[in-house]
Amino acid sequence: MTAIIDYKAGNLTSVKLAFAALGAEAAVTRDPEAIRSADRIVFPGVGAAKSAMENLRALGLTDVVREAAVSGRPFLGICLGMQILFERSEEDGGVETLGVIPGRVRRFPDVPGFKVPEIGWNQVSFQLPATNHQPPATNHQPPEFYFVHSYYAEICPYTCGTTEYAGVEFTAMVKKGNLWACQFHPEKSGRLGLDLLRRWLSC
Amino acid sequence: MLTKRVIPCLDVRKGRVTKGVKFKNNIDLGDPVEMAVAYSDGGADELVFYDITASAERRPIDIGMVESVAKAIRIPFAVGGGISSVADMERVILAGAEKISVNSLAVRNPQVIAEGAKAFGAQCVVLGMDPVKSDNPKCPSGYEITTRGFREFTGMDAVEWAKRAADLGAGEIVVNSVDADGTRAGFELTITRLIAEAVGVPVVASGGAGKPEHLVTVFREAGADAAIVAGMIHTGDCTIERIKREMSAAGVPTRMSW
């Protein structure tokens, strides 16, 4: 069973529907026991880092999520769910986050010609062939995925995919064993996004 | 590089996609879910649905349609029409749409933008606006906001309204030129550029797309981040793939693999 963690950080319908499209059994939950006993954990989220951390605390899920992320069980962070795996976010004047991945989350600088939030399909360059992450099959490299964000995670030792926006090259995807996390939305990135979810389901 | 988005717009009336000129003379084009799948498979970067009769009929948006679309496609889509409260927004989002587009409602009650952004995040709240060329002295930009499908003039300056909406928390602004809507003679570049330069959030050009080169022009010359297409693809005169090939050939970044 795959647990999709519901911590009041945005809409989970798309994530649920994407797994349903792949025929995977996935349940939305905020029950600590259900998360602890899940085979796979999806940690989505949109919105602000500070309120996300507050919600996790209020629901008694902070340690549950941190433990799940380092447990070795397949874990997938998406968007804000990736960002708060890092150590710290500049959002809302600065907030300590889960610290599972080393590095910081910062706001895009004001650069003429670059709107914030970044909304739309941007290219992801998959690197570090040392990781076993294979780029999605495509005749067009690098492939595009759908992003919606105002903050970005710095590049860290676990970064396996990078993207560029507003003059910044940032982490589009990290991979640390069975912990995968992406800034973009695989559930909204068409066929390539589904391919990525399918691969995660078999890791 | 972030690519420029091509967004088919589907106007839905009584459960069917329709297309009219200047909001009139509607003709039936097909089933919304079937069309959504076809456009998604055909390379659309995003979709937008307007339940165009919901407001006039004073009924909520067709949630069943939103749910069916969300099940059928794996690309983002926005929904507008018949949204009259934050509770309506929530129903649309829980049904699986990424974004809600508010237009007349935001003019009547601008705070709904702030409330929606606070509840769901700015990225979920799209301000749709229908500006028209105007010599109203209250509108120094030369463009006035209309509502209710061009039926009402508001006396609001289009550029000032865009700035205010972005300040209130709109994550994106769709500039639908009433003058260009349905003409297929090209986007209204001036108002698109004025707004793209005035706000820090992405701007979606709408109204007037008739040929691929119209999209190339609005991206290159008006600073649009995305462009809406309707009649030119609904009639089969053109395809999204052809639009994108021309964009790519002209050096406009576009997603070519789907």
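Report follows, based on the coordinates. (Residues numbered from 1 in each chain as written. Chains lettered and ligands numbered in written order. Predicted model: local features only at pLDDT ≥ 70, side-chain atom pairs only at ≥ 80, totals over all residues.)

1. What about the sheet that holds strand β14 (residues 179-182) of chain A?
By definition, the strands of a sheet pair up through backbone hydrogen bonds, in either a parallel or an antiparallel sense. All names here are of chain A. The strand order across the open sheet built from 8 strands is β2-β1-β3-β4-β14-β13-β12-β9, with neighbouring strands paired in mixed fashion. The open sheet has two edge strands, β2 (26-29) and β9 (125-126), and neither has a second partner. Judged from the 4 bridges that link them, strand β4 (residues 75-78) and β14 form a sheet pairing that is parallel. Its bridge partner lying in β14, I78 is registered against C182. (Pairing = 2+ DSSP bridges. Helix = DSSP H or I, 4+ residues; strand = E, 2+ residues; numbered from the N terminus.)

2. Quick notes on the sheet that holds strand β6 (residues 95-96) of chain A
Ordered in space as β6-β5-β7-β11 (chain A), the 4 strands form an open sheet in which the pairing is mixed. Looking at which strands have only one partner, the edges of the open sheet turn out to be β6 and β11 (151-153) of chain A.

3. Focus on helix α1 (residues 32-41) of chain B
Residue and element names in this part refer to chain B. Here α1 has its buried residues at P32, M35, A36, Y39 and S40. Seen from one end, α1 has its buried residues packed into an arc of 130°, which puts them on one side. One or two positions beyond α1, positive phi appears at G43, with a value near 110°. (Buried ≥ 20, exposed ≤ 12 C-beta atoms within 10 Å, placed from the backbone. Arc of directions from axis to C-beta.)

4. Some details on the environment of A49 of chain A
Residue and element names in this part refer to chain A. With respect to the element layout, A49 can be found in helix α3 (residues 49-58). Here A49 falls in the buried class, since 24 other C-beta atoms lie within 10 Å of it. The spatial distance from the C-alpha of A49 to the C-alpha of T159 is 20 Å, given a sequence separation of 110 residues. Sequence-distant contacts of A49, defined by excluding residues within four places in its chain, comprise L80, Q83, I84, S89, E91, D92, V95, T97 and V105. (Contact = placed C-beta atoms within 7 Å.)

5. Some points on the pairing of strand β8 (residues 118-123) of chain A
Residues and elements named next belong to chain A. Most of β8 is tucked away: 6 of the 6 residues are buried. Two strands pair when backbone bridges link them, and β8 and strand β10 (residues 144-149) are joined in this way by 6 bridges, in the antiparallel orientation. What sits directly across from Q123, in β10, is E144.

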